[in-house]
Each structure stands twice: as C-alpha cells, then as structure tokens.
Amino acid sequence: MEGSRTPREEQVGIVTDLATQLGELAARLAVAAGKLVVEGRKNGITSSSTKSSDTDVVTEFDRASERMIVEGLRAERPDDALVGEEGTDSAGASGVRWLIDPIDGTTNFLYDLPGYAVSIAALVDDGPLVGAVYVPSSGELFTAIRGRGALLDGVPIHCGTTAKLEHALVATGFSYLVDRRRDQGQRFAELIPKIRDIRRFGAASTDLCHVAAGRLDVYYEQWLGPWDWAAGELIAREAGCRTGRFDGGPLDRTEVLAANPALFEQMVELLAVTEPGHNPGIM
Ligand code: IPD
Ligand code: CA
Ligand code: CA
C-alpha cells in the first residue's frame, strides 16, 4: 500500500492506517493554524466584518487560519471534500469530508480572551472518524479517532462521574440571532435552579472537550454549525460521554447534548421540561 504512506513513513518504513494519518494531519494543521492566529493577533486585528448578525464577527485571522488549513489539506489529501465555516466548500471523490472551524470562539479571539480553538474533523460515511481541537491559550491539543479513545496531549481522557443533576456543572452557548437568544435565555432561567452552576466559555468545541476531560459534566447548545461540534463531539464520545440531540436521538447539525452517561437521560428530561413553550398541563 505505497499510496497510504506519508513521505516520512516511507523514509523510516512505517505503515499507518488511514485514520491515524488523518488524525495526525488534523492535529498538525490545528496546531499550526492556532499558532498562526496567536502570532497574527499580537499586531492587532485590522479587518473584521459581520455575518449572520451585528455581533457575529469574522476577522482576517479566521480567514487566514481557514486558508492555511485548506492549503495543507489540499496538498496532502487532494481528493477529499472540504467544508470550512468561512466559505470553503469543495467536493471530493475519496469519501473523506473535512469540517473546519478556523477559529471557534471568535468573540473570545476579538476580545483577547482565552478559550478559542481551532477545530478540525474528518468524516467518513458522514460520521466523524477523527477530530482535533487545539486551544492556543492553554496549548492543549484534544484528539480522538473513532473507536480508539480520546486524548489530551497524547494522554487518555475520560468524562466525569457526577450522577446528580443538582451537582452538575453545565456549559452552554447562545446564538448570534436575537430571537434564538431570547428562547435560549428562557430555557437557561428555568434550568439554572436545578443544577450546580452554568458556564458560558464561548467556544463550542472547547466546551465539548472540557466535558470529555471531566472538567464539565454537561454541555448543550442549539443552532450550531457542523464545524462547531464535529471534532469535539467525537472527542467527548470517545472519552465515554453520551452525545445526542436534546431528545436523546442521533445528532443532527443543529443541537448537541453531551454528558457523562449517568446524567444524559436526566438532561434529556430537563431539556424537555425547560423548552420554551413547554406546558406541563398539556399532553
Ligand atoms: C460560536 C462558538 C460559541 C457558540 C456559537 C458558535 P464561532 O462559534 O462556538 O461558543 O455559542 O453558537 O457559533 O462563531 O465563534 O466560530
Ligand atoms: Ca464555531
Ligand atoms: Ca468560527
């Protein structure tokens, strides 16, 4: 299988499988892009514009990061399909599709707050096969390959064991669109008396990695793009978390719940009764 070896592997005579190769590539590019945006930001942000609303910002560094990742993928995987949040959308013939969030947590990046990340996932048969999330502020690299566990800087991580909702530390996020935020805020107000506390860190991919590492018990959010959660959800699942839609069903692209197995069903029930418009008197 000459074609499945990277040049370095050819040199030293190592043969690795596709998932390992894709995982290494995702991790390498996530770290390189993360370093690029950190370096770039040191000279300030000179160009930014808005997308879905006045507060949904994209900077020159979101674009530069996506460009670097796309160029890197095209150089090594010319037949793969690529989708990036900042506009990349190209078909491929290999059956591998990449989902790229070049800066997840752009609002943090804008304000020079920690916690933003570069998130890259490769999907095969539409399921995430590998994921890499690099968090420049902490230098942490979260990775996973389907069926092989989740790693933080190469060391296995596992979700937490909190079993009671009232002890659960829960993270969420809010849409950039005002009507959606209003609904999310209503649910949040209902939910917060029933849990330990809430966190809003500002990057979906990082939130999912925190659940994977047992630093949070639960993460839930609606109206995400697939690039927001593809890598982090695989990392959470491979760390032993349960993931799904708010009703517990298989994930689609708009809502993600991730929790340790003891809390997952409890969270599904809580999300149902805290849904805006839910009326317990009406069956
Ligand atoms: C956003 C972040 C945020 C989440 C938003 C996302 P972006 O991604 O992940 O935490 O609440 O829903 O859109 O715009 O910073 O890449
Ligand atoms: Ca994002
Ligand atoms: Ca983004």
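Per chain, residue numbering runs from 1 following the sequence as it is written. Lettering of chains starts at A and numbering of ligands starts at 1, both following the order in which they are written. It should be noted that, the model being predicted, local features are given only for residues of pLDDT at least 70 and side-chain atom pairs only at 80 or more, the latter also being counted only at that level, while totals for whole chains, interfaces and linings use all residues. Side-chain measures were taken over the full set of non-hydrogen atoms in the model, leaving aside hydrogen atoms and water.

1. Topic: the nonpolar core
Working definition of a nonpolar core: buried Ala, Val, Leu, Ile, Met, Phe, Trp, Tyr and Cys residues. They are joined through side-chain atoms within 4.5 Å. Per-residue accessibility, obtained with a 1.4 Å probe over protein chains only, is compared with the maximum for each type, and a residue is labelled buried under 20%, exposed over 50%, and partly exposed between these values. In terms of nonpolar packing, the biggest core is built from 33 residues, with Val133, Phe142, Ile157, Leu208, Tyr219 and Ile235 touching the most fellow members. For helices the rule is a DSSP run of H or I covering at least 4 residues; for strands it is a run of E covering at least 2, with both sets numbered from the N terminus onward. Among the secondary structure elements, those contributing two or more residues to this core are β6 (117–124), β7 (127–135), β8 (140–145), β9 (150–152), β11 (169–172), α6 (204–212), α7 (226–238) and β15 (255–259). Among the elements that line this core, the one with the most residues is α7, at six residues. Here, two residues are considered to be in contact whenever any of their heavy atoms come within 4.5 Å of each other. Beyond its immediate sequence surroundings of up to four residues, tyrosine 219 is in contact with Ala171, Thr172, Ala204, Asp207, Leu208, Val211, Leu224, Val256, Leu257 and Ala258. With 25 residues, the next largest nonpolar core counts Leu82, Leu129, Val130 and Ala132 among its residues.

2. Considerations on the domain arrangement of the chain
Domain borders in the structure are assigned automatically or taken from a domain database. In terms of domains, the chain is made up of domain 1 (7–156) and domain 2 (165–273). The distance between the C-alpha centroids of domain 1 and domain 2 comes to 22 Å. The interface is formed by 37 residues belonging to domain 1 together with 23 residues belonging to domain 2. Accessible area, probed at 1.4 Å, shrinks when two parts are joined; the buried area is that loss added up over both. Carbon and sulfur atoms supply 62% of the area buried between domain 1 and domain 2, which totals about 2,200 Å² over both sides. The salt bridge criterion pairs a side-chain nitrogen of Lys or Arg with a carboxyl oxygen of Asp or Glu, the two atoms within 4 Å. On inspection of domain 1 and its partner domain 2, the count reaches one salt bridge. A salt bridge links glutamate 140 to arginine 215; the shortest N-O distance between them is 2.7 Å. Polar contacts here mean pairs of N or O atoms no more than 3.5 Å apart (in protein, one a potential hydrogen donor and the other a potential acceptor; neighbouring residues in sequence count only if both atoms are side-chain atoms). The tally of links between domain 1 and domain 2 comes to eight residue pairs in polar contact (both at pLDDT 80 or more). Broken down by secondary-structure element, the contributors of at least two residues to the side of domain 1 that touches domain 2 are β5 (96–104), α4 (106–111), β6, β7, β8 and β9. When residues in the side of domain 1 that touches domain 2 are grouped by element, the largest group, seven residues, is from β7. Three classes are used, and their members are as follows: Ala, Val, Leu, Ile, Met, Phe, Trp, Tyr, Cys and Pro are nonpolar, Asp, Glu, Lys and Arg are charged, and the others, Gly among them, are polar. Classifying every residue of the side of domain 1 that touches domain 2 by side-chain character gives 18 nonpolar, 12 polar and seven charged.

3. Regarding the coordination of the calcium ion (ligand 3)
Metal-coordinating donors are taken as N, O and S atoms lying within 2.8 Å of the metal, or within 3.2 Å when the metal is Na, K or Ca; because water is left out, some sites can appear incomplete. On the protein side, the calcium ion (ligand 3) has Glu85 (OE), Asp101 (OD) and Ile103 (O) as donor atoms, found 2.1 to 2.4 Å from it. Between the calcium ion (ligand 3) and the calcium ion (ligand 2) the interatomic distance amounts to 3.7 Å, and aspartate 101 serves as a bridging ligand to the pair. Since its relative accessible area comes to 1%, isoleucine 103 is described here as buried.

4. Describing the pairing of β15
A large share of β15 lies buried, amounting to five of its five residues. Both faces of β15 are covered, namely the face carrying Glu255, Leu257 and Ala259 and the face carrying Val256 and Ala258. Note on pairing: two strands pair once DSSP finds at least 2 bridges between them. Pairing of strand β13 (residues 218–222) with β15 involves five bridges; the strand directions are antiparallel. By the bridge assignment, tyrosine 220 is partnered in β15 with leucine 257. Relative to β15, strand β14 (residues 242–244) runs antiparallel, the two sharing three bridges.

5. A look at unusual backbone geometry
Residue aspartate 153 is not a glycine yet carries a positive backbone phi of 50°. With respect to the helices, strands and loops of the structure, aspartate 153 is situated in the loop between β9 and β10 (155–156). Overall, aspartate 153 belongs to the partly exposed group, its relative accessible area being 47%. Phi angles above zero are rare outside glycine, and tryptophan 223 is one such case at about 60°.

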